[in-house]
Amino acid sequence: MKDRSPSEQHQRKRPRVPTEAASDSPPPGMEDETPPNPRELTQNPLKKIWVPCKNGLPEKHISQRKVCMTNCPTLIVTVGLPARGKTYISKKLTRYLNWIGVPTREFNVGQYRREYVKIYKSFEFFRPDNEEGLKIRQQCASAALNDVRQYLTDEGGQVAVFDATNTTRERRETIIQFAEQNGFKVFFVESVCEDPDVIQENIVQVKLGSPDYTNCNTEEAVEDFMKRIKCYENSYETLDESLDRDLSYIKIMDVGRRFLVNRVLDHIQSRIVYYLMNIHITPRSIYLCRHGESELNVKGRIGGDSGLSARGKEFARFLGQFIQEQGISDLKVWTSQMKRTIQTAEALNVPYEQWKVLNEIDAGVCEEMMYEEIQENYPLEFALRDQDKYRYRYPKGESYEDLVQRLEPVIMELERQENVLVICHQAVMRCLLAYFLDKTAEELPYLKCPLHTVLKLTPVAYGCKVESISLNVDAVNTHRDRPENVNVHRTSEDALQTVPPHL
Amino acid sequence: MMRGSSRSKHAQNRDCKVCMTNCPTLIVTVGLPARGKTYISKKLTRYLNWIGVPTREFNVGQYRREYVKIYKSFEFFRPDNEEGLKIRQQCASAALNDVRQYLTDEGGQVAVFDATNTTRERRETIIQFAEQNGFKVFFVESVCEDPDVIQENIVQVKLGSPDYTNCNTEEAVEDFMKRIKCYENSYETLDESLDRDLSYIKIMDVGRRFLVNRVLDHIQSRIVYYLMNIHITPRSIYLCRHGESELNVKGRIGGDSGLSARGKEFARFLGQFIQEQGISDLKVWTSQMKRTIQTAEALNVPYEQWKVLNEIDAGVCEEMMYEEIQENYPLEFALRDQDKYRYRYPKGESYEDLVQRLEPVIMELERQENVLVICHQAVMRCLLAYFLDKTAEELPYLKCPLHTVLKLTPVAYGCKVESISLNVDAVNTHRDRPENVNVHRTSEDALQTVPPHL
């Protein structure tokens, strides 16, 4: 089985376009001759990727020759008693994989059950001797697996996360066979936890608000759910070092204190393991903001490495006060290596770390230009960018897609850390925000990240609470919406319609 | 200027990616002889140094060899050999002393204490040592009962050991097996229960299974990730640059030009070379620059493009000749010669930046088997430095000429290098460090080592 390298992930569009196998054999009649001259190359105007071409046009059947990194899709299967964090892990993992460019979807069997059995009565539904209940649950699992098959085989999905208890070996065997029949790799993620406090907190955070318990008070809900867990306990067969030694899995114990990892087969499984070993559930907040308004901002110019304007400096001071008022314990502060973020951090009077990978998107030949100048000098580029802002790469510069790849280590470290303030840039902040708020590649480049505004992200339940705090210091607007006309032949007026005002 | 003196000792003026640890880390290996502890120690040390974490390994066996000049037999290791035990104890203490000096006085960030450390008592001693000195401890245990693996290990690295220079193979193997036996009875593996408060990774069956307990910080997390990605399956890594490019011929750096005629010829020869090598399942990687892709196209095999394999960004100096850099940026040119590894081109990158950018490539190369990487001069230097354990000072001056393939094959504790020139002429693009690196030097002095070009 071949692996998938990071490069290939980031060149994938969503959804995945099936790539045809590279044709290695020479054209008919030429088998015994020297290989044909290397194909000519042409540069894809949007992504600036060199692709082989014929008569000046990209060869139709292979946009770029690549080794198919995963020959087959991956089915991640959760295992564990209720309230062990399976759905939390499923959703988080799905969000991460999609952000790094691996089309992933989760399939929660409980949801299928809720759609089938409109009204949840009590834990009795889950009793192991409830024939009717068992039958329904079986059907729901089958329906979910069916959708998994469709997603991975027909819809271009790369990874499916099958979120259910899957606590018996028998059930897992069924899934393994299903995967084998369909050519999917299987990777199990088991969560084991016996800490009653953790389980209680879990129930409070996510079960009480579940549709199953809308009509119960807290005590009733907790009591019923505890009985629900009991229904599974007797038949629970944990992944066993001996019996399951040929399976690929990670067993997470005590909320990440200990891990057992068995037979990691390929790149994506290795990345999944690394990610799961770095996340935690300790409450904390992540603060994202941009540098204070810069001198180039004021002039309506992009990129560059200018210092703060007077208002930008004022913001930095207010930011310092804000941080103090928040009274955050052990706050880490990160900046890029550009002057404007560092100047901003300096005003906080606390230690900070510089990350080169937090630098703003490289606009290549368009660095320090106004949008008007880009339109004048590179009207085609300007239009291509509006057509696909996520994948568009500036000539000699970067794309948002490149940015995401560059920022992955930041996300990984943010997952490891607790309270962090990241002082960065517009495009960078959009990428980070998209990760936390699960935004698509289409939405990402248009997320609103105005100057002088702090976003406070606090993980809650299965997602992230966002608070937007404006520090009440005026600044130019640097947000340019997608114009209506993105055609390469549009007029300057149409192209510049959404440019925000500047000096 | 970085603030935060509580952070890494190496902040200086360096731009810290992430400050790895507040306090130094002591990695402690655990395991019977011939379980790959030294292999792991050396590899991990090489990796950490390459990514910029000052690391050194301390192999107690080596201390023992220096103390007991001549190795007689396994009897030295018998658990009832009082004299032997005393010497081994002293050697371990001497090594720990050097560890302390390295981490406390010499700016080391990570020390790898490579010994069997098979008893809980011995490990407890080390834990206390670390606590007294403010070091974090991370155990790396290797457990393996596969006799084939152990046999292969002995053949690969023990037979050539100074301990066995005067033995034939059979004698050496027999003695070493008895040596292992000396440890087996008192071996206390890291236990899920008894050792639940320790930070460790237990590697089982050469990486088939791992138990990871209480990873405390970033560096431990990176170490675990690395150890979970390496393997010992025999394979070769081929490194080469793109064929000679049009800008190469003109003596210009950077840019995104196509191949010259000779470059295209090299590409064809490379295709033939690859076929002749008959490598099973060869993966081919290129950058996203035209010249490497053109080279790969001539191989007529599938290849993958990696943006992170792109050549170092020379910023404002892109597409310039050295003569032009000297004329327009004489100060920059001199600074670069003063510290070529850390020097960053204005609006460009440094070798140090390159290494950070290439880390995922190295990680994936560790996961893979046979790979051909078609890249660029600075990039190839960085990759080569990782495999050959070169320092930051040596790295930017490694010789990576055009039209030459380097075949790297892991062997014993290191890497065998074969240099294969494909006999197609090309310009020389290697500029040595000139004698005079002073910012006030003359143009002549500055350009003394520029290789000839059109």
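Looking at an unreviewed UniProt entry, one finds chain B named 6-phosphofructo-2-kinase/fructose-2,6-biphosphatase 4a and attributed to Myripristis murdjan. The heading Sequence similarities (unreviewed entry) in the UniProt record of chain B holds the text "In the C-terminal section; belongs to the phosphoglycerate mutase family."

As recorded in an unreviewed UniProt entry, chain A goes by 6-phosphofructo-2-kinase/fructose-2,6-biphosphatase 4a and comes from Myripristis murdjan. Its UniProt record, at the heading Sequence similarities (unreviewed entry), says of chain A: "In the C-terminal section; belongs to the phosphoglycerate mutase family."

## Focus on the overall build of chain B
Along chain B, the regular secondary structure elements total 15 helices and 12 strands. What you see for chain B is a C-alpha radius of gyration of 25 Å, in line with the 22 Å of a compact globule of 454 residues. Its C-alpha atoms put chain B at 75 × 55 × 40 Å along the principal axes. Residue burial in chain B is summarised as follows: out of 454 residues, 57% are buried. When the accessible surface of chain B is split by element, carbon and sulfur atoms take 47% of a total near 19300 Å². Across chain B, the 59 positively charged side chains and the 66 negatively charged ones have centroids separated by 2 Å.

## Some remarks on the packing of aromatic side chains
Residue and element names in this part refer to chain A. With the rule as written, the count across this model stands at 29 aromatic pairs over all chains. Plain terms: the ring middles of Tyr 213 and Phe 225 are 6.2 Å apart, the flat faces sit at 70° to each other, and that makes the pair edge-to-face. Of this pair, Tyr 213 sits in the loop between helix 6 (196-207) and helix 7 (218-233) while Phe 225 sits in helix 7, and the two are 12 residues apart along the sequence. With respect to burial, Tyr 213 and Phe 225 carry one shared label: buried.

## Structural notes on the pattern of salt bridges
Counted according to the given criterion, the structure contains 57 salt bridges over all chains. Here Glu124(A) makes a salt bridge to Arg127(A), at a shortest N to O gap of 3.3 Å. Judged by its relative accessible area of 36%, Glu124(A) falls in the partly exposed class. On the basis of relative accessibility, which here comes to 33%, the residue Arg127(A) falls in the partly exposed class. Glu366(B) is the salt-bridge partner of Lys43(B), the closest N and O atoms lying 3.0 Å from each other. Note that Lys43(B) is positioned in helix 1 (residues 37-50) and Glu366(B) in helix 13 (residues 351-367), a separation of 323 residues in sequence. Each member of the pair, Lys43(B) together with Glu366(B), is buried.

## Structural notes on the side chain of Arg88(B)
Turning to its location among the elements, Arg88(B) is positioned in helix 3 (residues 82-104). With near-sequence residues (within four places) excluded, Arg88(B) lies in contact with Phe76(B), Phe77(B), Arg78(B) and Tyr183(B).

## Quick notes on helix 3 of chain B
The periodicity of an α-helix, 3.6 residues per turn, causes residues three or four positions apart to be oriented the same way. All names here are of chain B. Here helix 3 contains 23 residues, and its C-alpha end-to-end distance of 33 Å stays within 8% of the 33 Å for a straight helix at 1.5 Å per residue. For helix 3, every residue scored as buried is listed here: Gly 84, Ile 87, Arg 88, Cys 91, Ala 92, Ala 95, Leu 96, Val 99, Tyr 102 and Leu 103. Buried residues along helix 3 sit against strand 1 (25-30), strand 2 (55-59), helix 2 (60-67), strand 3 (110-114), helix 4 (120-133) and helix 6 (169-184). N-cap assignment for helix 3: the residue whose side-chain oxygen lies 3.2 Å from the backbone N of Glu 83 is Asn 81.

## Some details on the domain arrangement of chain B
All names here are of chain B. The domain boundaries assigned to chain B delineate domain 1 (25-228) and domain 2 (237-448). Summarising the inter-unit geometry, the C-alpha centres of domain 1 and domain 2 are found 36 Å apart. With 15 residues of domain 1 at the contact, the number on the domain 2 side is 16 residues. The salt bridge involving Arg 222 is made with Glu 359; its shortest N-O contact spans 3.5 Å. Here domain 1 is connected to domain 2 by six residue pairs in polar contact (both at pLDDT 80 or more). Only helix 1, helix 5 (147-158) and helix 7 (218-229) provide two or more residues apiece to the side of domain 1 that touches domain 2. For the side of domain 1 that touches domain 2, the element with the most residues is helix 1, which contributes seven residues. For the side of domain 1 that touches domain 2, the class distribution of residues is eight nonpolar, two polar and five charged.

## A word on the environment of Val264(A)
On the secondary structure map, Val264(A) appears in the loop between strand 9 (258-262) and helix 8 (267-278). Separated by 16 residues in the primary sequence, Val264(A) and Ser248(A) place their C-alpha atoms 5.8 Å from one another. Setting aside anything within four residues of it in sequence, one finds Val264(A) in contact with Gln269(A), Ser270(A), Val273(A) and Arg367(B).

## Looking at the domain arrangement of chain A
All names here are of chain A. One can read the domain layout of chain A as domain 1 (74-277) and domain 2 (286-497). The C-alpha centroid of domain 2 is placed 36 Å from the C-alpha centroid of domain 1. Each partner contributes to the interface: domain 1 provides 15 residues, whereas domain 2 provides 17 residues. Buried area between domain 1 and domain 2, summed over both chains or domains, comes out near 1500 Å², and the portion from carbon and sulfur atoms is 64%. Contact with domain 2 buries area across many residues of domain 1, yet Arg 95, Trp 99 and Val 206 alone supply 49% of it, more than any other trio. For Lys 92, the salt bridge identified is with Glu 415, shortest N-O distance 3.0 Å. Summed over the shared surface of domain 1 and domain 2, the number is seven residue pairs in polar contact (both at pLDDT 80 or more). Elements represented by at least two residues in the side of domain 1 that touches domain 2 include exactly helix 2 (86-99), helix 6 and helix 8. Ranked by residue count, the leading element in the side of domain 1 that touches domain 2 is helix 2, at seven residues. Of the residues that constitute the side of domain 1 that touches domain 2, the class distribution is eight nonpolar, two polar and five charged.

## Considerations on the UniProt feature "active site" (unreviewed entry) in chain A
Residue and element names in this part refer to chain A. Mapped onto this numbering, the UniProt entry gives "active site" (unreviewed entry) at His 291 and Glu 360. These annotated residues cover 70 residues of sequence, and their C-alpha atoms lie no more than 10.7 Å from one another, placing them together at a single site. Positionally, His 291 belongs in the loop between strand 10 (286-290) and helix 9 (295-298). Excluding residues within four positions of it along the chain, His 291 makes contact with Asn 297, Phe 315, Arg 340, Thr 341, Thr 344, Ile 423, Cys 424, His 425 and Leu 451. Relative to the assigned elements, Glu 360 resides in the loop between strand 12 (353-354) and helix 12 (371-377). For Glu 360, the residues in contact, after removing those within four places along its chain, are Met 338, Arg 340, Glu 398, Arg 406, His 425, Gln 426, Ala 427 and Val 428.

## With respect to the sheet that holds strand 9 (residues 304-305) of chain B
All names here are of chain B. Taken together, six strands build an open sheet; the order of strands is 9-8-10-7-11-12 and the sheet is mixed. In this open sheet, the two strands that pair with only one neighbour each are strand 9 and strand 12 (414-421). Judged from the five bridges that link them, strand 7 (residues 237-241) and strand 10 (residues 371-375) form a sheet pairing that is parallel. Bridge pairing in strand 10 places Tyr 238 opposite Leu 372. Strands in contact with helix 9 (residues 261-277) are strand 7, strand 10, strand 11 (404-411) and strand 12; relative to strand 7, the strand with the most contacts, it is inclined by about 170°.

Criteria and cut-off values
Residues numbered from 1 in each chain as written. Chains lettered and ligands numbered in written order. Predicted model: local features only at pLDDT ≥ 70, side-chain atom pairs only at ≥ 80, totals over all residues. Heavy atoms only, no water. UniProt positions renumbered as here; feature names shortened; annotations may be inferred. Helix = DSSP H or I, 4+ residues; strand = E, 2+ residues; numbered from the N terminus. Rg over C-alpha atoms; globule rule 2.2 N^0.38 Å. Buried < 20%, exposed > 50% of the residue type's maximum accessible area, 1.4 Å probe, protein only. Areas by Shrake-Rupley, 256 points an atom, 1.4 Å probe, with all protein chains shown as cover. Lys, Arg positive; Asp, Glu negative; His and termini not counted. Charge placed at Lys NZ, Arg CZ, Asp CG, Glu CD. Phe/Tyr/Trp six-rings, centres within 6.5 Å; stacked < 30°, edge-to-face > 60°. Salt bridge = Lys/Arg side-chain N within 4 Å of Asp/Glu carboxyl O. Contact = heavy atoms within 4.5 Å. Expected span 1.5 Å × (residues − 1). Polar contact = N/O pair within 3.5 Å; in protein donor to acceptor, adjacent residues only side chain to side chain. Domains from an automatic or database assignment. Nonpolar A, V, L, I, M, F, W, Y, C, P; charged D, E, K, R; others polar. Buried area = accessible area lost by both parts, 1.4 Å probe. Pairing = 2+ DSSP bridges. Axes fitted to C-alpha atoms, helices over the stretch in contact; angles between N-to-C directions.

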